[in-house]
Structure formats: structure tokens, C-alpha cells
Amino acid sequence: MAQAKKALAKKSRATARATKRTRSKTYHNFIGGRWVPSQSGQWLENRNPADTRDLVGRFPLSISDDVSAAVSAAAAAFDGWRRTPAPRRAEILFRVGEILIRDKEKYTADMTREMGKVSKEAGGDVQEAIDCTYYAAGEGRRLHGFTTPAEMPNKFAMCVRQPVGVCGLITPWNFPMAIPSWKLIPALVCGNTVVIKPAEDTPLSTYNLVRACEEAGVPPGVVNLVTGYGETVGAGITSHNSLRLISFTGSTDTGRLVASACAERNAICSLEMGGKNAIIVLDDADIDNAIEGAVWGAFGTSGQRCTASSRLIVHKKVYRQFAKKLVERAKALRVGNGADRAVEVGPVINSEAVHKIMGYIDIGQHEDGATLACGGHHLTKGEYAHGYYIEPTVFTDVEPNMRIAQEEIFGPVTSVIPTNSLDEAIEIANGVRYGLSAAIYTQDVNRAFHAMNETYTGIFYVNSSTIGAEVHLPFGGTKGTGNGHREAGTQVLETFSEWKSVYVDYSGKLQRAQIDTVEL
Ligand code: UN1
């Protein structure tokens with residue numbers, strides 16, 4: 001008997017250990033308030049790009065049946081959530097913000113481990129999710145509509161916001177908590193329910209955000225998480241008839257597919273896509289400050305931001321001096337595992353990214369014929385042997401129409417382009433298919449405002465890099481970068497709510513608009 005008890009205890013300890021191991025490594029989808037595996041029974045591995053021997057976790061390799069289950073759960077939860085007064089919805093979201101603050105350190109470490117960005121930047125990413133959550137939750141007590149005069153006497157006219165419905169959110173790996181929060185929190189405060197699909201490379205940070213929603217008391221079915229690949233889960237979401245809105249951030253090519261799928265079924269579609277952002281450095285600029293902005297914008301997040309400074313358009317009078325200093329700074333950057341606080345440039349996300357970026361470095365040297373001023377190597381030895389590391393790379397003497405100056409590389413590669421004048425610099429800055437962010441370094445306020453006015457982008461900086469957007473201003477771009485929507489700011493409410501125009505006739509009789517005129 002004692003022996004049987006002992007055996008049982010041993011077994012339960014073993015089970016507990018196994019469960020613990022499983023819990024730390026195996027994650028589930030979140031559907032209808034329950035954590036469930038994929039109906040495929042299969043998993044995808046999330047590995048650390050700084051050292052691929054490190055398995056961050058196993059996540060469901062979901063299929064369209066999982067998407068359908070998630071959409072059904074979100075649809076079932078919609079009426080309850082939209083009828084919950086917005087200030088109450090917001091109270092729950094403020095609690096999400098508190099949880100994010102409480103666990104910021106852990107989320108930061110998780111993010112560096114799954115995505116590679118250096119600790120300081122991962123902390124910034126989590127902070128951006130916190131900022132967004134507090135800011136958007138504040139809308140629970142605003143969500144302003146408006147009143148306006150009516151044509152007739154004794155008639156009242158106003159406009160109110162209503163939620164859009166069930167939304168599909170598809171998010172990228174480069175800001176694995178901030179960008180999901182940009183979409184999720186405003187969607188929820190407006191009264192929508194959602195199905196969210198994080199990038200397959202970085203599901204853990206979105207899992208952490210969704211878990212925070214669960215702990216904060218977001219009701220079952222309001223937020224649903226489905227992990228997996230774009231071809232299955234992403235495509236399943238974009239083509240699902242019950243999803244009224246798709247909000248997508250990612251590549252321009254995938255965005256086009258999302259847009260056509262939405263057009264087919266008349267769904268609302270908000271897209272945030274690529275960038276080929278320029279910093280203009282004029283001859284009167286504070287060069288050291290401009291160098292700092294260029295280094296931060298080009299090599300922060302290993303250049304993997306849609307707002308990255310991938311073109312530096314520099315006045316000829318300061319060109320040599322600027323290029324020399326830039327190369328010195330780029331060479332001195334410490335590349336390595338972002339978990340090490342001394343590291344300034346982490347790995348890139350995966351082997352396809354290495355392939356693509358190295359392809360562009362080759363194009364820069366051979367096809368385009370620009371000068372490779374520093375970097376250019378895929379680092380594979382010693383501490384770099386198990387990760388995806390690329391040296392910070394600077395091309396000089398780049399012509400505006402070269403491929404490296406036109407196409408989005410999304411890696412630690414930047415191009416220095418000489419220019420003769422401000423107007424020529426603006427023309428070069430505008431001469432790409434994208435229009436996300438631009439910047440100018442100058443001491444002359446007139447030239448700064450002129451550039452601001454003439455540069456066709458969604459974001460513009462004076463004496464600051466092309467990166468560093470804050471959550472209470474609209475984020476997004478023109479041309480190939482987007483389709484006219486903005487995230488963040490109050491402008492995001494335009495995406496996640498629809499207007500209802502309301503007329504109240506208290507005259508007690510029929511008054512026909514455009515027909516019955518009021519005698520003067
Ligand atoms: C991105 O560039 O992919 O503006 C998002 C920034 C960040 C967000 C960037 N707040 O740099």
C-alpha cells in the first residue's frame with residue numbers, strides 16, 4: 001500500500017514535471033476563451049534568431065478549421081461586447097495596460113529571444129504597447145461623434161460611432177507586441193471582436209498580449225488568437241465571409257493579396273506596408289546629430305522597420321565628411337545576441353531574410369555598381385555561428401534609381417546618395433513607390449518647412465531620424481505604403497468604427513428633406 005502510494009506520488013511528480021516542461025514550451029490557440037491546440041494536431045517551432053539551437057516554444061500550426069472556430073467564437077461574442085458600455089470596455093483595457101507594465105521585463109526578454117531585437121528596443125516595443133493601451137482605452141470615455149443642425153425645424157441631427165463587427169488582424173514580426181496592440185486595443189474599445197494572427201516567427205509576444213487580455217477580464221470570444229502561416233491562417237482570415245474588416249501590416253506584395261481578397265467580398269481593408277524612407281542632410285546640418293539619427297534609423301532593429309532610414313540623401317558640401325563619419329560609426333557597432341546589453345545590432349529574423357538582404361548587398365555591388373563602404377558580410381563564425389547575423393552595411397555613391405535605393409531591403413543596409421540642392425533632395429526622396437516616413441537635418445526653419453510641405457509621406461521629422469513615431473499621432477503612409485488608413489492617434493477609430501447618421505424629428509409631422517422648404 002505504502003509502496004503503491006509512493007509510486008503514485010512519483011508518477012504525479014513526473015507528470016507535474018512533464019506538464020511544467022510542456023507549459024514552458026508548448027502554447028495554444030485562444031478560441032472562445034479556451035486555450036486549445038490546432039485541429040491539425042501539428043506545431044510550428046519558434047526559434048531564437050540569435051541562436052537557433054534555442055527553442056523558444058512550439059505553437060499551433062493552425063488550419064482553416066481553426067480560423068473558422070475562432071471566427072464563430074468572435075461572432076458569438078460580438079453582441080455582448082458591443083452592448084457593453086464603452087467606458088466599461090475601457091476599464092478592462094486599462095487593466096491590460098497594468099498587466100503589461102507589471103510583466104514588462106518578462107515580455108521584453110521573451111521578445112528579444114523570439115525576434116532578436118536588442119533588449120532596450122524590445123523594452124521600447126512593450127512600452128509602445130503600454131502607451132497604446134492606455135491611450136486607446138482613454139477613448140472609452142470619448143469615442144466622440146458630433147451633432148449638426150438639421151434642415152427642418154424641430155429636427156435634430158447627429159452622428160454616432162458603431163463597431164464594424166468581427167475583425168481579422170494580421171500582424172508582422174518586427175514589432176511583435178506594439179503593432180498587435182495598435183490594432184487590437186482600438187478594435188476592442190470600439191466594441192469589435194477579433195481574430196488575431198501573429199507572424200509565424202514571433203507568436204509569443206502576441207500570446208503574451210492576449211494572455212494579458214484574458215487576465216484583465218476581456219470576456220471569452222472577444223479576442224481569439226490563431227497561430228500559423230500566412231498561406232493557411234492568413235488566407236483563411238482574409239477570405240472569411242464573416243470578417244467584416246481585415247487590418248494587415250506586412251509586405252506590399254502580401255498586402256496586395258489581402259486587398260484583392262477583401263475586394264472580392266466587399267470587406268473593409270486597412271493596410272500598412274513597406275517603406276523606403278529618406279533622411280535629407282543639408283549643408284547647414286549639425287552633422288554629428290545627423291550621424292546619430294542615421295545610425296539609429298538605419299541599424300536600429302537591424303534595419304527591420306518599415307520606417308528604417310534606408311536612404312541618406314546628403315548635400316555634396318558635407319557628403320564626404322558625413323560618409324566618413326557614418327562608416328566609422330557603422331563599423332564600431334557591436335553586433336550580437338540582443339540579450340547582451342552591450343550589443344547594439346541584433347540578428348535578422350530568419351534565413352530567408354539573410355538570403356534576401358545578402359542578395360541586395362550583391363545587387364548593390366555588382367548590378368548597381370555602388371561603393372560598398374563598410375560591412376556587407378554574413379557573419380557565420382564564433383559567436384555568430386548559430387544565428388542570422390549581418391554586418392551593418394553602408395553603400396556610398398548611390399544613384400537614386402539604383403535598386404538598392406528603390407527597393408525595400410528590410411535589413412541593416414543603407415545607401416548614401418549625394419545631392420546638389422534641397423529641391424533635388426526632395427525629388428529624390430519622393431522618387432520611390434513608398435511614402436511612409438522622411439526626415440531632414442537642417443538649422444534653417446524655412447528649408448525644414450519647405451521640405452515638410454513638399455515631401456509626400458505620412459510621417460515627417462525635423463532634426464530627428466525616420467523612426468520613433470509616438471502612439472497618439474497617426475501612423476501610416478502614402479503611395480505603396482498603404483491604402484489611405486492610419487493606425488494610432490484618434491484616426492485609428494476611423495478604421496475600427498463606422499458612422500451612423502441619426503435624425504430625430506420631434507415636430508410631430510412629416511417633414512420631407514430637400515422638398516419641404518421652410519418659409520423665410
Ligand atoms: C515600423 O517601422 O515597422 O516609429 C513600426 C517607430 C515605431 C514603430 C515602427 N514606433 O519607429
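All of these numbers come straight from a predicted model, not from anything done at the bench.

Novice: I'd like a description of the packing of helix α3 (residues 86–102) against helix α7 (residues 203–216), backed by residues and values.
Specialist: Interhelical geometry of α3 versus α7 gives an angle of 125 degrees and a closest axis separation of 8 Å. Here α3 is positioned oblique relative to α7, judged by the angle of their axes. Where α3 crosses over α7, the two elements pack in a sense that is right-handed. Residues I92, R95, V96, I99, L100 and R102 of α3 pack against L209, A212, C213, E215 and A216 of α7. Looking at the contact of α3 with α7 residue by residue, the classes come out as eight nonpolar, no polar and three charged.

Novice: With reference to specific residues and values, describe the nonpolar core.
Specialist: Counting residues in each nonpolar core, the largest one holds 85 residues, and the members touching the most others are L100 and L184. Taken together, domain 1 (24–144 + 164–273 + 482–493) and domain 2 (278–462) each give at least three residues to this core, which thus spans both. Those residues in contact with L100, other than ones at most four positions away along the chain, are Y107, V126, A129, I130, T133, M177, L209 and A212.

Novice: Mind laying out the site of the ligand, listing which residues take part and the relevant values?
Specialist: By nearness alone, every residue bordering the ligand is listed as E128, N174, F175, W182, R305, C306, T307, I467, G468, A469 and F475. Here N174 contributes a side-chain N or O atom positioned 2.9 Å from an oxygen atom of the ligand. A distance of 2.7 Å separates an oxygen atom of the ligand from a polar backbone atom of A469. Taken by itself the ligand offers 320 Å² of open surface, and the protein chains cover 98% of this. A per-class count over the shell around the ligand returns six nonpolar, three polar and two charged. If you count residues domain by domain, the shell around the ligand takes at least three from each of domain 1 (24–144 + 164–273 + 482–493) and domain 2 (278–462).

Novice: Can you lay out the pattern of salt bridges for me, pointing to particular residues and giving the numbers?
Specialist: Tallying each qualifying case throughout the model produces 28 salt bridges. Between D253 and R256 there is a salt bridge whose closest N-O contact spans 3.6 Å. One end of the pair, D253, and the other, R256, are both in helix α9 (residues 252–264), three residues apart, so they sit about a helical turn from each other. Given the relative accessible area of 47%, R256 is considered partly exposed. A salt bridge links R329 to E292; the shortest N-O distance between them is 3.0 Å. Placement of the pair is R329 in helix α11 (residues 316–332) and E292 in helix α10 (residues 287–299), with a sequence separation of 37 residues.

Novice: Pulling in residues and values, what's your account of the domain arrangement of the protein?
Specialist: Under the domain assignment used here, the protein contains domain 1 (24–144 + 164–273 + 482–493) and domain 2 (278–462). Distance from the C-alpha centre of domain 1 to the C-alpha centre of domain 2: 30 Å. Here domain 1 packs against domain 2, burying approximately 2,000 Å² in sum over the two surfaces, 56% of which is carbon and sulfur. The three residues of domain 1 that bury the most area against domain 2 are A50, E121 and W173, which together make up 25% of that side's buried surface. Along the contact surface separating domain 1 from domain 2 lie one salt bridge. Residue E121 pairs with R305 through a salt bridge whose shortest N-O separation is 3.8 Å. Mapped by element, the contributors of at least two residues to the side of domain 1 that touches domain 2 are α4 (104–115), α5 (119–138) and α9.

Novice: How would you explain the packing of aromatic side chains if you had to name every residue and give the values?
Specialist: This structure, assessed with the given rule, holds nine aromatic pairs. Site record: aromatic cluster; members linked through ring pairs are Y27, F30, W35, F59 and Y207. The lysine or arginine in question, K117, covers the ring of F175, its NZ or CZ lying 3.6 Å from the ring centre. Positioned above the aromatic ring of W296 is the side chain of R305, whose terminal nitrogen or guanidinium carbon lies 5.2 Å from the ring centre.

Novice: Can you break down the pairing of strand β12 (residues 277–281) residue by residue, with the values?
Specialist: Counting buried residues along β12, five of its five residues qualify, which places the element largely inside the surrounding structure. In this structure, β12 lies alongside strand β13 (residues 309–315), joined through five bridges in parallel fashion. Residue pairing in the sheet places I280 in a bridge with I313 of β13. Following the backbone out of β12, through α10 and into the adjacent parallel β13, one traces a crossover that is right-handed.

How each quantity is defined
Residues numbered from 1 in each chain as written. Predicted model: local features only at pLDDT ≥ 70, side-chain atom pairs only at ≥ 80, totals over all residues. Heavy atoms only, no water. Axes fitted to C-alpha atoms, helices over the stretch in contact; angles between N-to-C directions. Helix = DSSP H or I, 4+ residues; strand = E, 2+ residues; numbered from the N terminus. Parallel < 35°, antiparallel > 145°, perpendicular 65-115°, else oblique. Left-handed = near helix turned anticlockwise from the far one by under 90°. Contact = heavy atoms within 4.5 Å. Nonpolar A, V, L, I, M, F, W, Y, C, P; charged D, E, K, R; others polar. Core = buried A, V, L, I, M, F, W, Y, C linked by side-chain atoms within 4.5 Å. Buried < 20%, exposed > 50% of the residue type's maximum accessible area, 1.4 Å probe, protein only. Domains from an automatic or database assignment. Near = heavy atom within 4 Å. Polar contact = N/O pair within 3.5 Å; in protein donor to acceptor, adjacent residues only side chain to side chain. Areas by Shrake-Rupley, 256 points an atom, 1.4 Å probe, with all protein chains shown as cover. Salt bridge = Lys/Arg side-chain N within 4 Å of Asp/Glu carboxyl O. Buried area = accessible area lost by both parts, 1.4 Å probe. Phe/Tyr/Trp six-rings, centres within 6.5 Å; stacked < 30°, edge-to-face > 60°. Lys NZ or Arg CZ within 6 Å of the ring centre and 35° of its normal. Pairing = 2+ DSSP bridges. Right-handed = clockwise from strand over helix to strand, strands pointing away.

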